[in-house]
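# Examining the three-dimensional arrangement
So you can see what is in the structure, the chains are spelled out below.
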Amino acid sequence: MPTFTLKVFRGGPAGGDFRDYRVEADEGMVVLDVIHRIQATQAPDLACRWNCKAGKCGSCSAEVNGTPRLMCMTRMDLFQPGDTVTVTPIRTFPIIRDLVTDVSYNYEKARQVPPLRLRPPDADGRYRMMQEDVDRAQEFHKCIECFLCQDVCHVIRDHDELKRQFAGPRFFIKIAGLEMHPLDTRDRTEFVRAQAGIGLCNITKCCTEVCPEHIHITDNGIIPLKERMADNFDPIVWLLRKFRGQRGQPA
Amino acid sequence: MATAYETYEHDVLVIGAGGAGLRAAIEAAAQGVSVGLVCKSLLGKAHTVMAEGGIAAALGNVWPEDNWQVHFRDTMRGGKMLNNWRMAQLHAQEAPERVLELERWGALFDRTKEGLISQRDFGGHRYARLAHLGDRTGLEMIRTLQYHGIHQGIDVHMECNVQRLLKDGDRVTGAVGYWRKNGEMVVFKAKAVVLATGGIGKAWKVTSNSWEYTGDGHSLALWAGADLIDMEFVQFHPTHMVWPPSVAGLLVTEGVRGDGGTLRNNKGERFMFNYIPEFFKGETADNEAEADRWYHDKKNNRRTPDLLPRDEVARAIRSEVKAGRGSPHGGVFLDICSRRPADYIRKRLPSMYHQFKELAGVDITKEPMEVGPAQHYVMGGVRVDADTTQGTVAGLFAAGEVAGGMHGSNRLGGNSLSDLLVFGRRAGLYAALYAKNFSGQLVVDGAQVEAIVRESLEPLERSGGENPYAIQAELQETMQNLVGIIRKEAELKDALTRIAALKERAKRVRVDGGRVYNSGWHTALDLRSLLTVAECSALAALERKESRGGHTREDHPFTDDAWGKLNVVLRLRDGRVQVSREPLPEMPAELKALFQERK
């Protein structure tokens, strides 16, 4: 069995350092398996968040050799036996302990997003939506809230003073999903401008690059949202769009 | 010396924030009471995200012939008639409205050509019935409930583990837990408590369940004096990844078979045709041509045996592997690549495509998958009143996997998500009504709190002792080997002896490293509930001397009609788990008639 050295950050808000753990990896193991093996055999108190171990819950976000990733979807055979693999917490959010960070910023932003405002149903009381009209919003519904996009966003990472008025890529696609929802009737223009701060995003696509669900955050979410916000200053364009439904938006 | 702790007070405290807990909290809040929602993980990470195939509800969008009676009948037959009939009836009747409600809250299900919610085929369901979004339905459901819920005035307490319930006399009045982030203890005073904690899968080695599934709610209820039923019925879902070893147990949705996939052995045979039980002969195709026609013409053809209920398919796979007809890594083959176009597979099963590609290097549009059974679900749980979800202790309610009765001896795929919604809503509603009618003072006994706090901190304060991970691993090995798909008396007794020894060792467990987000400490505390539910499951399995659904006894291989009228009930009295057999509620004549209509 190949053996690796895992260099894992251990510490808390007051600081910390790296500890080396020599550990064997069985065939097909992922970084999260190796972290679990360290917990079971060498460091029972090593703090790490995880749930599904299947890339579906977005809990085990960390930086592996400096790259933001889900530990459960990062196979150890990416590395050569004998390699040192460095695992650190995602760096944008305050550390709680070891690999666990305080991501409450994201939950605060989530609460601020104005929810769906439903149009009335069809005459028979049901809602009809065509598959081609839900496809675009469904892409954003794939989001597993791993917050890796938030982690790499320059605005959140480097500009503490702007965080109050900036929602970040996760919530841009949340908003885009609502805006492209065929049954939605709410106007979020002012929110997106003033509280979500979409103007601060300068489209470097760092968020898209790290998305484990391969959501086209920038191209399909942020850019259409920016365009839409520009359009929406024209109330006639806004009304027409809401009236016609969501078809025919730019790709 | 008294320990400092925070105290919160709510009318209704919901423990667990998966589908059932979120739906309960939303409903309780809608009744105008104050609601606290406690979850072990971050909000939106609960095990519901793992559900793949869909939500079973007789919407009739694809097959207008479908209705609640057909769904009810399928559910009861899938559970081998051991279900609480009233729960199965309410579930079938209310599931469609719960799905439409999710749509009104923003869920975007896949559509039919007419623009309605599309429905897919699943095991044991007569008609295509599962509302879905690709193979990520659980994610869609939890995200919808989460984003609806955060605007309903619910207090969400994240990353908080509840250790015990508090009682005032005969009624439940709250709970004690700890915050994972700092290890501080916390007290919740509540007029009513809803358990929505999910299952017990972490007692087994090969399971699709996450670390959270340590039977917390089952144990909290038992310790508070409530009855558990049906704990012998454990679902080993037939299809999970078997290779590589580190992903063994990762779920492969039944939707693969619902969308046309078929099981094959290493000779290429569709072996399920050899495993059609008498009970399902009338409704199951006995040849490949009919089975394949059934996908498109349900009126004139019978269902493919690939979609027999899960217990039947799991046993069949186990038999094939045992007979030497398995795949290289000890499973069987699940083939959709030769039966459906690549585009269709990627659209209908995107996360299956992704997970095999990323974790096993297998392209499921080109090669068959290797799959085998793993622990997936527990049918047993807290004994509840069907209409109100109230347990046998006042002030205690339960919904979702932690509640027993709904699924009888075996759950049909897709019936879990609908169960969460139907009974989550009912739990929230009736817990709120109970809280509104609560009389007298809401009293929390400081001595009870102190005892729980002291017990919780012990693993950090002992000198010398056992490693919690080692005990957990031994328990998982024990349950895997001795309380698995096929059981027998000697092995069950052996399991109970081993569990008793592990319980003793767990009393000496010790961890270093302080109280802040200490994984070792959390594992140590989870052992208490994990060992409790393991014991309950083994005790009930020993008691039921027949084979039915998710309980197969090698030494009692047949289904026994006398046992078909009995639940195995467990309750804690004087520190010991007592086992008794109690009669099943009797189904009224008009529902019984549904089972005579056709074969």
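Our subject is the structure listed above.
All of the points below concern the structure found in this document. (Residues numbered from 1 in each chain as written. Chains lettered and ligands numbered in written order. Predicted model: local features only at pLDDT ≥ 70, side-chain atom pairs only at ≥ 80, totals over all residues.)

## Examining the overall build of chain A
Helix and strand counts for chain A come out as 10 helices and seven strands. When its C-alpha atoms are laid out on the principal axes, chain A stretches across 65 × 40 × 30 Å. For chain A, the proportion of its 251 residues judged to be buried stands at 47%. Excluding contacts between residues fewer than 6 apart, the proportion of contacts in chain A whose partners are at least 24 apart in sequence is 64%. (Helix = DSSP H or I, 4+ residues; strand = E, 2+ residues; numbered from the N terminus. Buried ≥ 20, exposed ≤ 12 C-beta atoms within 10 Å, placed from the backbone. Contact = placed C-beta atoms within 7 Å.)

## Examining the overall build of chain B
Across its full length, chain B carries 16 helices and 20 strands. Whereas a compact globule of 599 residues would reach a radius of gyration of roughly 25 Å, chain B reaches 23 Å, a difference of no more than 12%. By principal-axis analysis of the C-alpha atoms, chain B measures approximately 75 × 50 × 50 Å. When the 599 residues of chain B are sorted by exposure, 62% land in the buried category. A fraction of 75% describes how many contacts in chain B between residues 6 or more apart in sequence connect residues 24 or more apart. (Rg over C-alpha atoms; globule rule 2.2 N^0.38 Å.)

## What to know about the environment of B:Ile15
All names here are of chain B. Tracing the backbone through its elements, the reader meets Ile15 in strand β1 (residues 6-15). Of the residues examined, Ile15 has 30 C-beta atoms within 10 Å and is grouped as buried. Remark: the alpha-carbon pair of Ile15 and Leu591, spanning 576 residues in sequence, is separated by 34 Å. Excluding anything up to four places from it in sequence, Ile15 contacts Val38, Val162, Ala175, Val193, Val194, Leu195, Ala196, Thr197 and Gly217.

## Some points on the interface of chain A and chain B
Every contact between the two is made by 47 residues of chain A and, on the other side, 46 residues of chain B. Counting only elements with at least two residues in the side of chain A that touches chain B, the list comes to α1 (31-41), β6 (95-97), α2 (104-112) and α3 (131-141) of chain A. For the side of chain A that touches chain B, the element with the most residues is α3(A), which contributes five residues. Its residues assigned to classes, the side of chain A that touches chain B comprises 25 nonpolar, 10 polar and 12 charged. (Nonpolar A, V, L, I, M, F, W, Y, C, P; charged D, E, K, R; others polar.)

## Observations concerning unusual backbone geometry
With an omega dihedral of -5°, the bond running from B:Trp243 to B:Pro244 counts as a cis peptide bond. Structurally, B:Pro244 is set in the loop between β11 (234-241) and α6 (255-258). In this structure, A:Lys53 is a non-glycine residue whose phi angle is positive, near 55°. Note on placement: A:Lys53 falls in the loop between α1 and β3 (61-64). In the Ramachandran plot, B:Asp230 falls in the positive-phi region, its phi being about 60° despite a non-glycine side chain. Among the secondary structure elements, B:Asp230 is positioned in the loop between β10 (228-229) and β11.

## Things to note about the nonpolar core
Residues and elements named next belong to chain B. Core analysis: the largest hydrophobic core is formed by 252 residues, its most contacted members being Val12, Val14, Val193, Val194, Leu195, Phe397 and Ala431. With 14 residues, the top contributor of residues to this core is helix α15 (residues 519-543). Those residues in contact with Ala431, other than ones at most four positions away along the chain, are Val12, Ala24, Ala28, Ala192, Val194 and Phe397. (Core = buried A, V, L, I, M, F, W, Y, C linked by C-beta atoms within 7 Å.)

## Remarks on the sheet that holds strand β5 (residues 130-131) of chain B
Residue and element names in this part refer to chain B. What the three strands build is an open sheet, ordered β3-β5-β4; its pairing is antiparallel. Strand pairing shows two members of the sheet lacking a second neighbour, β3 (55-56) and β4 (119-120), which therefore form its edges. Of the strand pairs in this sheet, β3 and β5 are connected by two bridges, and their pairing is antiparallel. Within the sheet, the bridge partner assigned to Ile55 lies in β5 and is Ala131. (Pairing = 2+ DSSP bridges.)

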